[in-house]
Amino acid sequence: MSISGKSAAGTETARAEFLRLQDMLLAADIAYHQKDAPEISDADYDRAKRDYLSLLETHPDLAEIATWSEQVGAPVASGFGKITHAQRMLSLGNAFEDSDVADFDRSIRNYLGLGPDAALAYTAEPKIDGLSLSLRYENGVLMQAATRGDGSVGENVLANARTIADIPQEIPGAPAVLEVRGEVYMSHADFDALNARHAERGGKTFANPRNAAAGSLRQLDAEITRARPLRFFAYSWGELSEALAPTQTGAIARLKAFGFQTNPLTRRCDTTDALISHYKDIEAQRATLGYDIDGVVYKVDELALQARLGFRSTTPRWAIAHKFPAELAWTRLEGIDIQVGRTGALSPVARLAPVTVGGVVVSNATLHNEDYIRGLDSKGEDIRSGKDIRIGDWVQVYRAGDVIPKVADVDLSKRPETSEPYIFPHCCPECGSDAVREEGDAVRRCSGGVICPAQAVEKLKHFVSRAAFDIEGMGAKQVEQFHTDGWVKEPADIFKLAERYGTGLQQLKNREGWGDTSATNLFAAIDEKRNIEFARLIFGLGIRHVGEVGAKDLALHYLNWDALAAAADRARPAAVAHRAADEAEERERIKAQSEGRRAKVKETRDAATASCAVPTEAAAAWEDLTGVDGIGPTLGLSLSDAFANEHERAAFDRLLAELTVIEPDAPADDSPVAGKTVVFTGTLEKMTRAEAKARAESLGAKVSGSVSKKTDILVAGPGAGSKAKKAADLGIKTMDEDGWLALIGDA
Ligand code: IVH
């Protein structure tokens, strides 16, 4: 099919293809961001994205029905309602040098007709590196939350703002109209944890906390925002039915009294020297604040003076941002270490001659992956204009609001003559197994699985973690200690600790860090987890791509271990064929590209599948597995690989021998929605998305993220968009939230 034809028929085909790709991308985003379990491979995603964007280019009219955008996890602006700000949201002028601050003071004095010695107070406070948000309260109730947008019109993100703990939902005693403005941001610790979660799944990570905050706030589904730890500092206001106070300092104190977080480093200063001295103080604390700031904002304290000073076209005359210099430094790259993660990912880490970057001594930095070092990505496109990175090079390190320093650039003029291109290891530095790169994966992974000690330790940490077995007293540190001592090599060993060493109790309590009580408690905590919910067990196994939600979906579908294992075994030939088809498709695409023709995807896949001779039973088992909502081929393949790996399978069996699995109840099959596929869209007012999904599933329904011919019921709340239209086109039964509640007897 041609996707660029512009005849009437061509346009119709393009539109259909566009909508198909759009649904696929939106569903993939939901799977990735909401369910923490990607359903399609990165390569498939990228391909869909490319085709989608190229259609948009050749058929600009499609922009009208476009609801997907490229920004990480964020839907396009049209997905949100528009809000016209009662008062424009402005930006700030910048000062870089102390002399700019003196100029700022001088121009204000000129404007107000104040002499150089007349009293003029300012406030100075950190400039938070997040995104601004305007909250409108009417009679003390939060009614609107709008992003800045173009300053005049922003997007309504009320549902998302309601999930942020720092934002009060109600303010008793507030003025009838109160618009509070401030910055939404993410702390360093929360950002690290979020990225670690994404990285564990082998997914995309956010470049910095600001992007993470922006991507999280601008989610069409507030449940995704809820799962992201966002914070809010109030520093300004818009429309007010009555003044808050005579000064900026007083107004901020009122906002604090209303329940907002205000920045504790806000000071009132009587002179520009005092402003600059506070700037230096804040700069010195920058690295330890725990969140990103990029300067200090100075504001005239007296609100009557602010009113007189007013605004230029886009910036107030009464405020300025004194920016910090960029955090950059050059240093020597002394070595490259390769770290191995739970899923076997080999991550290169730069070992640097220690250098101070923005007040922090940096001695290592991420090098991302093999391609980043090479200076050439997998599509053959240049990174850093194609300059590779070598040991011995002078490299530029930066912390652009990022917590993890990165290597940005190389100074080729300082490259030692003897330097050699870096060869990325093709075997795991921890266990020596082959490290392989699957097509479409930017990451090289150790194939050693359970025999790789690095993966084993990371897997053990995952196993005992909160969302998995949650064994009290057994954290990352203890796991490492037990692993180093050879006491615990795999999860099953945890349950054998008491028996093997126990006399163990005696042995354990003689060890550093363990006493009588802690040792007894640990064995009790371990015993307690011999009875384990099926979903936690599946999640705890640490199989790549199997996140908490995927594990739950599998548990509810298969109900017990034997059924799950049997399904994985039965589906194996089809899983292998699926991989072969993926690989054949990838090869065909590359070949087609170099030959300047369209890839014959379907034929290639069919031929590859046919050559694998998949028994019908296997095909059915694979269909069943990958048809489970939230599973899909990527997870299916990974699960199948784990069960087919003899070392891993034996480790599972040893673990199961120690456990009693608490199996989930089979879903009711006598409910009116049992076996039906349901899609929720638009705003739900009586329940959260998560609640609606859980309730529907408990009644035996399947909840899906996108409308297709398989959909039985669409529950559409206010603001339902393309899905409602699609359901109508397909003649799918559509009802509102009340209709749904009545149907399931919850009304
Ligand atoms: S005051 C009329 N105070 O910086 C000016 N802005 O570059 C109102 N920002 O859009 C803004 N921290 O998003 C103010 N303490 C602070 C700030 C701050 C961060 C952001 C804000 C604004 C941007 C301007």
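Quick notes on the rules
Residues numbered from 1 in each chain as written. Predicted model: local features only at pLDDT ≥ 70, side-chain atom pairs only at ≥ 80, totals over all residues. Heavy atoms only, no water. Helix = DSSP H or I, 4+ residues; strand = E, 2+ residues; numbered from the N terminus. Rg over C-alpha atoms; globule rule 2.2 N^0.38 Å. Buried < 20%, exposed > 50% of the residue type's maximum accessible area, 1.4 Å probe, protein only. Core = buried A, V, L, I, M, F, W, Y, C linked by side-chain atoms within 4.5 Å. Near = heavy atom within 4 Å. Polar contact = N/O pair within 3.5 Å; in protein donor to acceptor, adjacent residues only side chain to side chain. Areas by Shrake-Rupley, 256 points an atom, 1.4 Å probe, with all protein chains shown as cover. Contact = heavy atoms within 4.5 Å. Pairing = 2+ DSSP bridges. pLDDT = per-residue confidence, 0-100. Salt bridge = Lys/Arg side-chain N within 4 Å of Asp/Glu carboxyl O. Axes fitted to C-alpha atoms, helices over the stretch in contact; angles between N-to-C directions. Lys, Arg positive; Asp, Glu negative; His and termini not counted. Phe/Tyr/Trp six-rings, centres within 6.5 Å; stacked < 30°, edge-to-face > 60°. Lys NZ or Arg CZ within 6 Å of the ring centre and 35° of its normal.

J.: Please provide a residue-by-residue account of the overall build of the protein chain, values included.
T.: Helices and strands together make up the secondary structure of the protein chain, namely 26 helices and 24 strands. A compact globule built from 747 residues should have a C-alpha radius of gyration of about 27 Å, and the protein chain, at 29 Å, falls within 12% of that. Along the first, second and third principal axes, the C-alpha set of the protein chain runs to 90 × 65 × 65 Å. Within the protein chain, the fraction of its 747 residues that count as buried is 49%.

J.: Go over the nonpolar core with me, naming the residues and quoting the values.
T.: Formed by 60 residues in total, the largest nonpolar core has its most connected members in Ile494, Leu537, Leu554 and Trp561. Among the elements that make up this core, the one with the highest residue count is helix α19 (residues 561-595) (eight residues). Ranked by size, the runner-up nonpolar core spans 37 residues in total, among them Tyr137, Ala174, Val184 and Phe191.

J.: How would you explain the site of the ligand if you had to name every residue and give the values?
T.: In the vicinity of the ligand there are 14 residues, among which Glu125, Ile128, Glu183, Tyr235 and Lys299 approach most closely. Within the side chain of Arg148, a nitrogen or oxygen atom sits 3.3 Å from an oxygen atom of the ligand. Within the side chain of Glu183, a nitrogen or oxygen atom sits 2.8 Å from an oxygen atom of the ligand. Burial of the ligand by the surrounding chains reaches 89%, relative to a free accessible area of 530 Å². Among the secondary structure elements, those contributing two or more residues to the shell around the ligand are β3 (122-128) and β10 (293-300). By residue number, the principal contributor to the shell around the ligand is β3, which donates four residues.

J.: Account for the environment of Phe482, naming residues and giving values.
T.: Inspection of the secondary structure puts Phe482 in helix α13 (residues 476-484). According to the relative accessible area criterion, Phe482 is buried, its value standing at 1%. Filtering out sequence-adjacent residues up to four positions away, Phe482 remains in contact with Met474, Trp487, Val488, Leu497, Leu508, Arg511, Trp514 and Leu522.

J.: I'd like to hear about the pairing of strand β5 (residues 141-147), residue by residue, with values.
T.: Sheet topology places strand β4 (residues 131-138) next to β5; six bridges connect them, and they run antiparallel. When the sheet's bridge partners are listed, Leu135 is paired in β5 with Ala145. Taking the residues between adjacent antiparallel strands as the criterion, β4 and β5 are bridged by two residues, where Asn139 takes a positive phi near 50 degrees.

J.: An account of the confidence of the model for the protein chain is needed here, citing residue identities and associated values.
T.: Looking at the protein chain as a whole, the pLDDT averages 87, with 92% of positions reaching at least 70. This model gives residues 1-8 a pLDDT under 50, and the stretch forms 19 contacts once residues within four places in sequence are excluded. Low pLDDT, under 50, characterises residues 71-78; the stretch is placed with 27 contacts to residues that sit more than four places away or in other chains.

J.: Now, about the pattern of salt bridges: what can you tell me, with residues and values included?
T.: Within this structure, the stated rule accounts for 38 salt bridges. Between Glu223 and Arg226 there is a salt bridge whose closest N-O contact spans 3.2 Å. Residue Glu223 and its partner Arg226 are located together in helix α7 (residues 222-226), separated by three residues, close to a single helical turn. Between Arg351 and Asp337 there is a salt bridge, and its shortest N-O distance comes to 2.3 Å.

J.: So, the sheet that holds β4: which residues are in play, and what are the values?
T.: Taking strand neighbours across the sheet as the criterion, the four strands line up as β5-β4-β7-β8 in an open arrangement whose pairing is antiparallel. Each edge of the open sheet carries a strand with a single partner, namely β5 and β8 (231-240). Neighbour-to-neighbour, the strand axes of this sheet turn through a mean angle of 30 degrees, independent of strand direction. Helix-sheet contacts for helix α6 (residues 209-217) involve β4, β5 and β7 (177-185), and the interaxial angle to β4 is about 40 degrees.

J.: Explain the sheet that holds strand β22 (residues 702-704) residue by residue, including any values.
T.: As summarised here, the arrangement of the four strands in space is β22-β21-β23-β24, forming an open sheet in which the pairing is parallel. Two strands bound the open sheet, and with one partner strand each, they are β22 and β24 (733-735). Between one strand axis and the next, the sheet turns by 30 degrees as a mean value, whatever way the strands run.

J.: Residues and numbers for the side chain of Gln455, please.
T.: Its location among the elements puts Gln455 in helix α12 (residues 453-464). Residues contacting Gln455, with those up to four places away along its chain left out, are Val340, Gly341, Arg342, Thr343, Gly344, Cys446, Gly448 and Gly449.

J.: Could you give an account of the side chain of Arg384, naming the residues involved and the relevant values?
T.: Position of Arg384 among the secondary structure elements: in the loop between α11 (370-374) and β15 (394-398). Nearest to the buried, unbridged Arg384 among oppositely charged side chains is Asp409, at 5.3 Å. Polar contacts involving the side chain of Arg384 include one to the main-chain carbonyl oxygen of Lys387, which spans 2.9 Å. Apart from residues no more than four positions distant in its own chain, Arg384 is found in contact with Tyr372, Ile373, Gly375, Ile389, Ala408, Asp409 and Val410.

J.: Before we move on, could you go through the packing of aromatic side chains and cite the residues and values that matter?
T.: Going through the model one piece at a time under the given rule, you end up with 18 aromatic pairs. Pairing Phe482 with Trp487 gives two aromatic rings, centres 5.9 Å apart and planes at 20 degrees, and the pair type is stacked. For the pair Phe482 and Trp487, a shared accessibility class is recorded, and that class is buried. Three or more aromatic residues joined by ring pairs form one cluster here, namely Tyr137, Phe232 and Phe260. Sitting over the face of the ring of Tyr372, Arg384 holds its NZ or CZ atom 4.6 Å from the ring centroid.

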